[in-house]
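Examination of the molecular architecture
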Amino acid sequence: MARTQADARVETLPYSWYADPAIAAAERDQIFRCSWQYAGHTGELGGPGSMFPTQVGGLPVVVVLDREGELRAFLNVCRHRGTVLVNEPQARGTIQCPYHAWTYGLDGALRGAPRSKEEPGFEMEELGLVPVQVDTWGPFVLVNPDTDAPGLDAALGSLPESVAENGLDVDSLRFHHRVSYEVRANWKIAIENYLECYHCQLNHPEFVKVIDEQRQRMEVDGLRLSQFPPVHADAYREDAPYDVSDSVPTAQYHVLFPAMKFNVNPGRPNLSIGPMWPLATDRSAAWFDYFFAEGTDEDWIKRMLEFDDQVGSEDTGLVEAVQRGAASGALEHGRLLTRTERLIGAFQDMVRARIG
């Protein structure tokens, strides 16, 4: 592959990687099914026996707080015929399949299967729910389907420290709402768009009134890819998109590889966090959980969310246009700018290292 004198990669991933089902299958198995991903927040659990369903890289998962208060997570799939077990948050003493009433304890063990005593060689102890790794950072619940993978602390690396050093106490925030969405683009294209603001001057006129993209700092540390743009001087004017008067000096936007986004916009303490995962080579799903400081004025939240929604809708059109072009077969690859798009280069190297 072509390199600059600084040994930075300048060629993008092959454009075939945004359309090839074989690459999508490899990413599913070698990236999403062995990585830590955001699954929800602790406010979704209401004490022992509570549980909530979620998606982790496209896998159905159920997060459970057992009778002793231990956090557990399992594939949310019955061992009998594959039914999804839990379809909404609930609190109960067992997990029961709605199809044939196979019943599991909160530890995942199979406790009962109607007519199984009539079945020769039925090994109940071998048919428990399949466990996955689960852990928390502040109010955030993260899951890794690979039980042999290193723990959450290793995956997070310096992310919690970086978030705190840049002015945000995640434990002081309260969950506000969740927004789910889909884009008609490969998941990598959506993440790559997030990892650069080269497109912002042309496509996000309100955003560049709030943050100073040309003075932003970028960092790559372990699985963390981060942007720290200073708050723009124009953001303090009366005609700014929303009130940023309580801002720390910089915003912060992080990706934890492969696809967990973590956003802190200027203004009062706020964050949005969420996963993205592939549905097909040309379609991705995602959600954001929004958190704000307790007692934050709802009018301020409304104005900031209108700004955030506008930026998101502008990005959707951009990434879908990239998908149409990159997946067309017209070109083999693109050419990165090694400084402005260095986070994309680092991200694509992470993908290459796992796919080969």
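In this report, the structure presented in the accompanying data block is examined. Remember, predicted model here, so these are calculated numbers, not experimental data.

1. Concerning the pattern of salt bridges
Here the structure, examined in full by the defined rule, presents 22 salt bridges. With a closest N to O distance of 2.9 Å, Arg 72 and Asp 66 form a salt bridge. For Asp 66, a relative accessible area of 3% puts it in the buried group. Note that Asp 289 is salt-bridged to Arg 178, the shortest N-O span being 2.5 Å. Placement of Asp 289 in strand E18 (residues 283-293) and of Arg 178 in strand E11 (residues 173-183) is noted, with a sequence separation of 111 residues between them. Looking at Asp 289, the relative accessible area reads 0%, which means it is buried. Each of the salt bridges in this network shares a partner with another, and the network as a whole consists of Arg 217, Glu 219, Asp 221 and Arg 224.

2. Details of the side chain of Gln 227
Secondary-structure assignment places Gln 227 in strand E13 (residues 224-228). In terms of polar contacts, Gln 227 uses its side chain to reach the backbone carbonyl oxygen of Tyr 194, at 2.8 Å. Sequence-distant contacts of Gln 227, defined by excluding residues within four places in its chain, comprise Tyr 194, Leu 195, Glu 196, Cys 197, Gln 216, Arg 217, Met 218, Ala 251, Gln 252, Tyr 253 and Leu 343.

3. Observations regarding the state of the cysteines
Under the criterion given, the structure shown has one disulfide. Sulfur-sulfur distance for the disulfide between Cys 197 and Cys 200 comes to 1.9 Å. On the sign convention where negative is left-handed, the bridge of Cys 197 and Cys 200, at about -110 degrees about the S-S bond, is left-handed. Just as Cys 197 is buried, Cys 200 falls in that class too. Not part of a disulfide, Cys 97 finds its nearest cysteine sulfur in Cys 78, a span of 3.9 Å.

4. Digging into the nonpolar core
One recurring pattern in soluble globular proteins: nonpolar side chains tend to sit buried together. Counting 77 residues, the largest nonpolar core has Phe 140, Trp 187, Leu 195, Phe 262, Leu 271 and Val 351 as the members making the most contacts within it. Apart from residues lying up to four places away in sequence, Phe 262 is in contact with Trp 137, Phe 140, Val 163, Leu 168, Val 170, Tyr 194, Gln 252, Tyr 253, His 254, Leu 271, Ser 272 and Ile 273. Membership of the second largest hydrophobic core comes to 16 residues, among which are Met 51, Val 62, Val 86 and Leu 127.

Calculation rules
Residues numbered from 1 in each chain as written. Predicted model: local features only at pLDDT ≥ 70, side-chain atom pairs only at ≥ 80, totals over all residues. Heavy atoms only, no water. Salt bridge = Lys/Arg side-chain N within 4 Å of Asp/Glu carboxyl O. Buried < 20%, exposed > 50% of the residue type's maximum accessible area, 1.4 Å probe, protein only. Helix = DSSP H or I, 4+ residues; strand = E, 2+ residues; numbered from the N terminus. Polar contact = N/O pair within 3.5 Å; in protein donor to acceptor, adjacent residues only side chain to side chain. Contact = heavy atoms within 4.5 Å. Disulfide = S-S within 2.5 Å. Core = buried A, V, L, I, M, F, W, Y, C linked by side-chain atoms within 4.5 Å.

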